[in-house]
Amino acid sequence: MIIASNFKTNHTRASTKHYLQTLDTFVKESGSKQEVLVFPPATALDSFELAENIRVGVQNAYPVEKGSFTGEIGLEQIDEFGLKTILIGHSERRHIMNETQELCAKKYDFFKAQGFEIVYCIGEPKEVREEGIDAVIAYNETQLEGIDLLYDKLIVAYEPVWAIGTGLTASPEQIEETLVKLREKIKAPLLYGGSVKPANTKEILQLPNCDGVLIGTASWDVENFCEMIEIADSM
Ligand code: 13P
């Protein structure tokens with residue numbers, strides 16, 4: 001299974017280093033076979049020597065090698081650390097930073113051409129969920145426009161906006177009914193994200209169409225994150 005942590009705007013360079021050392025020791029000592037992904041903030045990126053099933057990725061980047069894009073990082077800055085994993089289309093970038101579908105697709109194409117593993121995020125806001133599953137699927141499909149779903153290094157993360165950072169997890173039934181529909185179109189691994197924590201990790205990972213989880217808040221504490229990896233190992 002894929003167990004991923006999105007640090008968002010949390011952790012420093014020093015605390016990321018400590019986090020990854022602790023995680024690495026845990027993965028090696030436990031012999032965990034999960035695919036573990038960690039997305040630290042851009043300032044904490046580095047070339048880390050980690051167990052082969054732990055990969056560090058970037059939370060965002062501009063689709064250029066380098067240039068005049070103040071405040072952004074491009075391929076040159078990522079390449080310096082040999083990183084090959086990127087998160088694209090997170091709801092916080094779409095809804096807070098007003099990133100359009102067109103820009104998400106542009107980033108997708110650019111990093112796909114560079115052979116990156118891409119965790120591509122989709123998810124509906126509350127008012128859409130309240131309209132029912134057909135509206136949910138229609139909304140999520142708009143976030144797949146321009147995205148090559150056959151790319152072999154694609155991972156799709158379904159993260160309902162209303163469940164992110166709210167403590168409000170989608171019910172197993174809501175998650176599964178959505179993943180089943182997405183599965184009709186997407187053969188890539190499907191993750192769920194939105195208030196995943198040790199207490200609900202098992203019931204989410206047990207869902208037939210769920211291939212892993214993308215965790216924010218509960219993963220910022222490394223002990224908690226290791227606990228969730230341990231839960232996956234025990235299944
Ligand atoms: P929370 O786990 O804090 O709800 O965040 C989920 C998320 O956005 C991961 O990308």
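Throughout what follows, the structure given in this document is the object of discussion. (Residues numbered from 1 in each chain as written. Predicted model: local features only at pLDDT ≥ 70, side-chain atom pairs only at ≥ 80, totals over all residues. Heavy atoms only, no water.)

### Quick word on the site of the ligand
- Taken together, 13 residues are adjacent to the ligand, and Lys8, His90, Gly165, Ser195 and Thr217 come closest.
- Here Glu159 contributes a side-chain N or O atom positioned 3.0 Å from an oxygen atom of the ligand.
- Within the backbone of Ser195, an N or O atom sits 2.8 Å from an oxygen atom of the ligand.
- Put simply, the ligand lies in the second largest pocket. (Near = heavy atom within 4 Å. Polar contact = N/O pair within 3.5 Å; in protein donor to acceptor, adjacent residues only side chain to side chain. 1 Å grid on protein atoms, 1.4 Å probe; cavity = no way out; pocket = protein on both sides within 12 Å on 5 of 7 lines; lining within 4 Å. Sits in = over half its atoms within 2 Å of the grid points.)

### A few points about the pairing of strand S6 (residues 154-158)
- In terms of burial, S6 is largely enclosed, as five of its five residues are buried.
- Bridge count for strand S5 (residues 117-122) against S6 is five bridges, and the pairing is parallel. Within the sheet, the bridge partner assigned to Val119 lies in S6 and is Ile155.
- Summarising the sheet, S6 and strand S7 (residues 190-193) pair through three bridges and their orientation is parallel. Bridge pairing in S7 places Ala157 opposite Leu191.
- Regarding topology, helix H7 (residues 172-183) serves as the crossover connection from S6 to the parallel S7, and that connection is right-handed. (Buried < 20%, exposed > 50% of the residue type's maximum accessible area, 1.4 Å probe, protein only. Helix = DSSP H or I, 4+ residues; strand = E, 2+ residues; numbered from the N terminus. Pairing = 2+ DSSP bridges. Right-handed = clockwise from strand over helix to strand, strands pointing away.)

### Looking at the packing of aromatic side chains
- Summed over all chains, the structure comprises eight aromatic pairs.
- When the centroid spacing of 4.7 Å and the interplanar angle of 75° are considered together, the rings of Phe7 and Tyr19 count as edge-to-face. Taken together, the positions of Phe7 in the loop between strand S1 (2-6) and helix H1 (13-30) and Tyr19 in helix H1 put the pair 12 residues apart, joining distant regions of the chain.
- Owing to a relative accessible area of 0%, Phe7 belongs among the buried residues under this scheme.
- The interplanar angle of 55° and the centroid separation of 6.4 Å between the aromatic rings of Tyr158 and Tyr192 together place this pair among those described as tilted. Of this pair, Tyr158 sits in strand S6 while Tyr192 sits in strand S7; the two residues are 34 residues apart in sequence, bridging distant segments of the chain.
- Tyr158 gets classed as buried once you look at its relative accessible area, which sits at 1%.
- Residue Tyr192 is classed as buried on the basis of its relative accessible area, which comes to 0%.
- Following the ring pairs from residue to residue traces out a cluster consisting of Phe7, Tyr19 and Phe225. (Phe/Tyr/Trp six-rings, centres within 6.5 Å; stacked < 30°, edge-to-face > 60°.)

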